[in-house]
Amino acid sequence: MKTVSENRSFEGTQGVYSHASDACGCDMTFGLYMPRLAETMPVPVVWYLSGLTCTHENAIVKAGAQAFAAEYGVAVVFPDTSPRGEGVADDESYDLGQGAGFYVDATQDPWAPHFKMWSYVTEELPALLAKNFAIDMDRQGITGHSMGGHGALTIGMSMPDRFASISAFAPITNPTASDWGRKQLGAYLGDDESTWQRHDATLLMREHGFDGPVLIDQGGADQFLDLLKPEALAEAMAAKRQNGAFRMQPGYDHSYFFVSTFMGEHMAFHADALGA
């Protein structure tokens, strides 16, 4: 692991690190905020998964998580959204290929050799964090924005023994029924739609929900509402009687202005669930 940069932030450290990834077969970069409390004891961690076209950097700069992470004494990890670099498959469209890993393990060419974001986020990167940083891996929460909200929900619901809490900002909630999903799942996983279902938050919510609390914020003026399909997940949460809240926020769009507005509430939500 190499240190790309480390900056003092709210008495903690905002770092950026790179490493050779076995899962993705290329170098991967991630951001990690460590609060001052981590200098004396292991701290819980919140995962922040970013959306289409983003790198680790977008949320570090725009989401405003560090002040709240420092207040509650939690770490925040910001993975990249896909493998990158020479020899890694890509596509001319912004919503497929590099920057659009969709948090799945691809099985189809040309994506299969590198696009293993599920394994990267759930196996390789957690092991790296546990080895190198003062993080209490028994206390984890997960959140994300848009495509990252999709990833947070599907990973969180698939691993209830690992995550104490799930939240999301404007998540892609029903990708098997949306152009933001059918295109990517078909490309990465193939035509057998039965393999897509474990990557659909609405279907997972209908099937088994989540043992812990869930918080969803969706902007009412989001320009991508028809692709995100928030009503599908809201209905599934109600039908499952899920412990949590789905909140429509009038006037807010899909941008990081929206994310940063409600970041404090999401960090407080996770801190409470993690006992921070």
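You'll find the structure just up there.
Residues numbered from 1 in each chain as written. Predicted model: local features only at pLDDT ≥ 70, side-chain atom pairs only at ≥ 80, totals over all residues. Heavy atoms only, no water.

Re the pattern of salt bridges
Okay, so step 1: With the rule as written, the count across this model stands at eight salt bridges.
Okay, so step 2: For Asp80, the salt bridge is made with Arg84, and the minimal N-O distance between the two is 2.7 Å.
Okay, so step 3: Across the salt bridge formed by Glu193 and Arg182, the nearest N and O atoms sit 2.6 Å from each other. Of this pair, Glu193 sits in the loop between helix 5 (179–189) and helix 6 (201–207) while Arg182 sits in helix 5, and the two are 11 residues apart along the sequence. (Salt bridge = Lys/Arg side-chain N within 4 Å of Asp/Glu carboxyl O. Helix = DSSP H or I, 4+ residues; strand = E, 2+ residues; numbered from the N terminus.)

Digging into the side chain of Gln242
Okay, so step 1: With respect to the helices, strands and loops of the structure, Gln242 is situated in the loop between helix 8 (230–240) and strand 9 (244–249).
Okay, so step 2: Judged by its relative accessible area of 11%, Gln242 falls in the buried class.
Okay, so step 3: Of the polar contacts made by the side chain of Gln242, one reaches the backbone nitrogen of Phe210; its length is 2.9 Å.
Okay, so step 4: Gln242 has contacts with Met205, Gly209, Phe210, Gly212, Val214 and Met237, leaving out every residue within four places of it along the chain. (Buried < 20%, exposed > 50% of the residue type's maximum accessible area, 1.4 Å probe, protein only. Polar contact = N/O pair within 3.5 Å; in protein donor to acceptor, adjacent residues only side chain to side chain. Contact = heavy atoms within 4.5 Å.)

Comments concerning the packing of aromatic side chains
Okay, so step 1: Applying the stated rule across the entire model yields 11 aromatic pairs.
Okay, so step 2: Ring centres of Trp111 and Phe115 lie 5.3 Å apart, and the angle between their planes is 85°; this geometry places the pair in the edge-to-face category.
Okay, so step 3: According to the relative accessible area criterion, Trp111 is buried, its value standing at 5%. (Phe/Tyr/Trp six-rings, centres within 6.5 Å; stacked < 30°, edge-to-face > 60°.)

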